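# What the coordinates show
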Amino acid sequence: MNKKIKTTAVDHLFQAILTLETPEECYAFFEDVCTVNELLSLSQRYEVAKMLREKKTYLDIAEKTGASTATISRVNRSLNYGSDGYDMVFARLKKTRAKSPRFFVGKAPCKTGRPTGRAAFLPGYGQAPRDVFSFRCQRLLPGAGQ
């Protein structure tokens, strides 16, 4: 861990982030804390990291994300020589998706049926709005198809 960022203020920020429970809460909090450009830069780096782990080329990544080759290189350096934060998150997401590959409600997989609402896909398994976690689980009757 980089000792330069380990401060009481950063600890407080991370504690605040850990209280967020839904994507809607994340949008509200980060919209208040970050500028639009800061948030877009963070999300772009995350997308670059995912694509690098998927073995995409710098050219493909630059075209799809709009990231500069300098940004791609910086993210690649973090993936290879950093604190393994990206890989920790990727592994946890993969584990979460393996437990329930399609549906999520709140913080837990929807095991009783299918979500109700406009969308029913976990990000990465189809196009989903940012409020994918806000749907209630609809209990399926025995023998009913999904």
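A brief report on the enclosed structure follows. Since this is a predicted model, take the numbers as computed values, not measurements.

Thresholds applied
- Residues numbered from 1 in each chain as written.
- Predicted model: local features only at pLDDT ≥ 70, side-chain atom pairs only at ≥ 80, totals over all residues.
- Heavy atoms only, no water.
- Helix = DSSP H or I, 4+ residues; strand = E, 2+ residues; numbered from the N terminus.
- Buried < 20%, exposed > 50% of the residue type's maximum accessible area, 1.4 Å probe, protein only.
- Contact = heavy atoms within 4.5 Å.
- Salt bridge = Lys/Arg side-chain N within 4 Å of Asp/Glu carboxyl O.
- Patch = residues over 30% accessible without salt bridge, like charges linked within 9 Å, V, L, I, M, F, W, Y side chains within 5 Å.
- Areas by Shrake-Rupley, 256 points an atom, 1.4 Å probe, with all protein chains shown as cover.
- Phe/Tyr/Trp six-rings, centres within 6.5 Å; stacked < 30°, edge-to-face > 60°.
- Axes fitted to C-alpha atoms, helices over the stretch in contact; angles between N-to-C directions.
- Left-handed = near helix turned anticlockwise from the far one by under 90°.
- Nonpolar A, V, L, I, M, F, W, Y, C, P; charged D, E, K, R; others polar.
- Core = buried A, V, L, I, M, F, W, Y, C linked by side-chain atoms within 4.5 Å.

### Concerning the overall build of the chain
Of regular secondary structure, the chain possesses six helices and four strands. Per-residue burial over the chain gives 18% buried out of 146 residues. Considering only contacts within the chain whose residues lie at least 6 apart along the sequence, 43% involve residues at least 24 apart.

### So, the pattern of salt bridges
What the rule picks out here adds up to three salt bridges. For K50, the salt bridge goes to E47, with nearest N and O atoms at 3.4 Å. In this pair, K50 and E47 both sit in helix α3 (residues 36–53), three residues apart, roughly one turn of the helix. A relative accessible area of 33% places E47 in the partly exposed class. With a shortest N-O distance of 2.8 Å, R53 and D87 are connected by a salt bridge.

### A short note on a nonpolar patch on the surface
There is a patch of nonpolar side chains on the surface, built from L13, F14 and V33 and spanning about 250 Å² of accessible area. Mapped onto the fold, L13 is located in helix α1 (residues 8–17).

### Section: the environment of K56
Relative to the assigned elements, K56 resides in the loop between α3 and α4 (58–65). Excluding its chain neighbours within four sequence positions, the residues that come into contact with K56 are M51 and I61.

### Section: the packing of aromatic side chains
Tallied over the entire structure, the rule returns three aromatic pairs. Measuring from ring centre to ring centre gives 5.5 Å for F29 and F30, while their planes differ by 85°; the resulting arrangement is edge-to-face. With centroids separated by 6.2 Å and ring planes inclined at 20°, the aromatic side chains of Y86 and F90 adopt a geometry described as stacked. Of the two residues, Y86 and F90 are both situated in helix α6 (residues 85–99); the distance of four residues between them amounts to about one turn of the helix. The exposure class assigned to Y86 is partly exposed, which follows from its relative accessible area of 23%. Put simply, the rings of Y46, Y86 and F90 touch in pairs and so form one group of aromatic residues.

### Considering the packing of α3 against helix α5 (residues 69–81)
Look at α3 against α5: their axes get within 9 Å of each other, and the N-to-C directions meet at 65°. Once α3 is placed against α5, the crossing between them reads as right-handed. Between α3 and α5, the contacting residues are Q44, R45, V48, A49, L52 and R53 on the first element and T71, I72, V75, N76, L79 and N80 on the second. Among the residues making up the contact of α3 with α5, the classes are represented as six nonpolar, four polar and two charged.

### Some points on the nonpolar core
V48, A49, M51, L52, I61, A67, I72, V75, L79 and F90 together form the largest nonpolar core, which totals 10 residues. Listed by contribution, the elements that provide at least two residues to this core are α3 and α5. For this core, the leading source of residues is α3, giving four residues.

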